[in-house]
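Overview (structure and organization)
Each chain is listed here by its residues.
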Amino acid sequence: MICSDIYFFFSDALRYIEVSYVTEQILESLREARVRKGFSQRELSARSGVPQSHISKIESGGVDLRISSLIALARVLDLELFVAPKKSVPAIKSIIRSSQGSIDQGEAMSPAYQLEEDEDD
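Please read all numbers here as calculations on a predicted model, not as lab measurements. (Residues numbered from 1 in each chain as written. Predicted model: local features only at pLDDT ≥ 70, side-chain atom pairs only at ≥ 80, totals over all residues. Heavy atoms only, no water.)

1. A word on the confidence of the model for the protein
Of all residues in the protein, 66% attain a pLDDT of 70 or more, and the chain-wide mean is 76. When mean pLDDT is taken per element in the protein, helix 2 (residues 41-48) scores highest with 97 and helix 1 (residues 2-37) scores lowest with 65. Below a pLDDT of 50 lies the segment residues 1-17, which in the model reaches zero contacts outside its immediate sequence neighbourhood of four places, other chains included. (pLDDT = per-residue confidence, 0-100. Helix = DSSP H or I, 4+ residues; strand = E, 2+ residues; numbered from the N terminus. Contact = heavy atoms within 4.5 Å.)

Okay, here's the thing in C-alpha coordinates:
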(Lines give C-alpha, C1' and ligand atoms only; values in the text may rest on other atoms or scores of the structure.)
Protein backbone atom coordinates (compact mmCIF):
# COMPACT_ATOMS: atom_id res chain seq x y z
CA MET A 1 0.00 0.00 0.00
CA ILE A 2 2.84 2.40 0.76
CA CYS A 3 4.38 1.76 -2.65
CA SER A 4 1.07 2.58 -4.28
CA ASP A 5 0.83 5.90 -2.41
CA ILE A 6 4.38 6.80 -3.35
CA TYR A 7 3.69 5.96 -6.98
CA PHE A 8 0.65 8.23 -7.12
CA PHE A 9 2.51 11.05 -5.39
CA PHE A 10 5.43 10.67 -7.80
CA SER A 11 3.06 10.54 -10.76
CA ASP A 12 1.30 13.73 -9.63
CA ALA A 13 4.66 15.45 -9.11
CA LEU A 14 5.73 14.58 -12.65
CA ARG A 15 2.41 15.82 -14.02
CA TYR A 16 2.87 19.10 -12.11
CA ILE A 17 6.40 19.54 -13.49
CA GLU A 18 5.19 18.87 -17.03
CA VAL A 19 2.26 21.29 -16.74
CA SER A 20 4.49 23.90 -15.13
CA TYR A 21 7.01 23.63 -17.99
CA VAL A 22 4.28 23.96 -20.62
CA THR A 23 2.83 26.97 -18.80
CA GLU A 24 6.25 28.63 -18.77
CA GLN A 25 6.57 28.02 -22.52
CA ILE A 26 3.18 29.62 -23.17
CA LEU A 27 3.99 32.65 -21.02
CA GLU A 28 7.34 33.11 -22.74
CA SER A 29 5.69 32.78 -26.18
CA LEU A 30 3.17 35.47 -25.30
CA ARG A 31 5.86 37.85 -24.04
CA GLU A 32 8.05 37.24 -27.11
CA ALA A 33 5.10 37.80 -29.46
CA ARG A 34 4.25 41.07 -27.67
CA VAL A 35 7.84 42.28 -27.97
CA ARG A 36 8.04 41.21 -31.65
CA LYS A 37 4.89 43.21 -32.40
CA GLY A 38 6.45 46.20 -30.64
CA PHE A 39 3.63 46.45 -28.10
CA SER A 40 4.08 47.61 -24.56
CA GLN A 41 1.99 45.85 -21.93
CA ARG A 42 -0.19 48.97 -21.83
CA GLU A 43 -0.78 48.89 -25.61
CA LEU A 44 -1.54 45.16 -25.54
CA SER A 45 -4.00 45.86 -22.73
CA ALA A 46 -5.79 48.54 -24.76
CA ARG A 47 -6.05 46.28 -27.81
CA SER A 48 -7.06 43.09 -25.95
CA GLY A 49 -9.19 44.37 -23.09
CA VAL A 50 -7.02 42.50 -20.57
CA PRO A 51 -5.87 44.89 -17.80
CA GLN A 52 -2.18 45.84 -17.98
CA SER A 53 -1.62 44.77 -14.39
CA HIS A 54 -3.01 41.33 -15.27
CA ILE A 55 -0.75 41.10 -18.34
CA SER A 56 2.23 41.89 -16.11
CA LYS A 57 1.21 39.17 -13.66
CA ILE A 58 0.62 36.70 -16.51
CA GLU A 59 4.05 37.33 -18.04
CA SER A 60 5.77 36.96 -14.67
CA GLY A 61 3.83 33.79 -13.82
CA GLY A 62 2.14 35.51 -10.88
CA VAL A 63 -1.37 34.36 -11.80
CA ASP A 64 -2.93 31.39 -13.53
CA LEU A 65 -3.72 32.25 -17.12
CA ARG A 66 -7.44 31.98 -17.86
CA ILE A 67 -8.48 30.63 -21.25
CA SER A 68 -10.47 33.80 -22.00
CA SER A 69 -7.40 35.98 -21.35
CA LEU A 70 -5.21 33.66 -23.42
CA ILE A 71 -7.61 33.86 -26.36
CA ALA A 72 -7.89 37.66 -26.14
CA LEU A 73 -4.11 38.10 -26.02
CA ALA A 74 -3.43 35.55 -28.75
CA ARG A 75 -5.85 37.23 -31.17
CA VAL A 76 -4.17 40.61 -30.78
CA LEU A 77 -0.72 39.03 -31.13
CA ASP A 78 -1.70 37.16 -34.34
CA LEU A 79 -1.34 33.79 -32.64
CA GLU A 80 -3.68 30.85 -33.13
CA LEU A 81 -4.69 28.41 -30.42
CA PHE A 82 -5.69 24.84 -31.14
CA VAL A 83 -5.77 21.43 -29.55
CA ALA A 84 -3.91 18.72 -31.41
CA PRO A 85 -3.30 15.03 -30.81
CA LYS A 86 -0.02 14.50 -28.98
CA LYS A 87 1.25 12.25 -31.78
CA SER A 88 0.85 15.15 -34.24
CA VAL A 89 2.98 17.62 -32.28
CA PRO A 90 6.35 16.77 -33.95
CA ALA A 91 4.79 17.23 -37.41
CA ILE A 92 3.15 20.50 -36.40
CA LYS A 93 6.40 21.84 -34.93
CA SER A 94 8.24 20.87 -38.12
CA ILE A 95 5.69 22.71 -40.26
CA ILE A 96 5.90 25.80 -38.06
CA ARG A 97 9.72 25.82 -38.20
CA SER A 98 9.76 25.42 -41.98
CA SER A 99 7.19 28.20 -42.42
CA GLN A 100 9.33 30.54 -40.32
CA GLY A 101 12.28 29.88 -42.60
CA SER A 102 14.81 29.44 -39.83
CA ILE A 103 15.94 26.90 -37.30
CA ASP A 104 17.25 27.85 -33.88
CA GLN A 105 20.95 27.14 -33.55
CA GLY A 106 21.59 23.82 -31.92
CA GLU A 107 18.08 22.56 -32.59
CA ALA A 108 17.93 19.74 -35.07
CA MET A 109 14.96 19.83 -37.39
CA SER A 110 13.02 16.59 -37.23
CA PRO A 111 11.10 15.43 -40.28
CA ALA A 112 7.33 15.77 -40.36
CA TYR A 113 7.13 12.07 -41.21
CA GLN A 114 9.45 9.12 -41.62
CA LEU A 115 9.12 6.23 -44.05
CA GLU A 116 9.28 2.80 -42.53
CA GLU A 117 12.15 0.64 -43.74
CA ASP A 118 11.36 -2.59 -45.58
CA GLU A 119 12.26 -5.64 -43.53
CA ASP A 120 12.36 -7.83 -46.65
CA ASP A 121 15.98 -6.92 -47.50
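2. Points about the pattern of salt bridges
Pairing is possible between side chains of opposite charge, provided their charged atoms come close. Under the counting rule described, the total for this entry stands at four salt bridges. The partner of Glu28 in a salt bridge is Arg31, and the shortest N-O contact between them spans 3.1 Å. In this pair, Glu28 and Arg31 are both assigned in helix 1, three residues apart and thus about one turn of the helix distant. Judged by relative accessible area, Arg31 falls into the partly exposed class, the value being 33%. One salt bridge connects Glu59 with Arg34, and the closest N-O pair in it is separated by 2.7 Å. One end of the pair, Glu59, is in helix 3 (residues 52-60); the other, Arg34, is in helix 1, with 25 residues separating them in the sequence. For Arg34, a relative accessible area of 11% gives the class buried. (Salt bridge = Lys/Arg side-chain N within 4 Å of Asp/Glu carboxyl O. Buried < 20%, exposed > 50% of the residue type's maximum accessible area, 1.4 Å probe, protein only.)

3. Things to note about helix 4 (residues 67-76)
Within the span of helix 4, buried status applies to Ser69, Leu70, Leu73, Ala74 and Val76. Take helix 4 and look down its axis: the buried residues cluster within an arc of 165°, on one side only. Along helix 4, exposed side chains directed more than 90 degrees from the buried face belong to Ile67 and Arg75. Asp78 sits one or two positions beyond helix 4 and adopts a positive phi of about 60°. (Arc of directions from axis to C-beta.)

4. Structural notes on the packing of helix 2 against helix 3
Contact geometry for helix 2 and helix 3: axes closest at 8 Å, N-to-C directions at 115°. Helix 2 and helix 3 meet at a crossing whose hand is right-handed. Contacts between helix 2 and helix 3 involve Gln41, Arg42, Leu44, Ser45 and Ser48 on the former and, on the latter, Gln52, Ile55, Ser56 and Glu59. (Axes fitted to C-alpha atoms, helices over the stretch in contact; angles between N-to-C directions. Left-handed = near helix turned anticlockwise from the far one by under 90°.)

5. Concerning the nonpolar core
Core analysis: the largest hydrophobic core is formed by 12 residues, namely Leu27, Leu30, Ala33, Phe39, Leu44, Val50, Ile55, Ile58, Leu70, Leu73, Val76 and Leu77. Every element with two or more residues in this core is listed here: helix 1, helix 3 and helix 4. Dropping the residues within four chain positions of it, Ile55 is found in contact with Gln41, Leu44, Ser45, Ser48, Val50 and Leu73. (Core = buried A, V, L, I, M, F, W, Y, C linked by side-chain atoms within 4.5 Å.)

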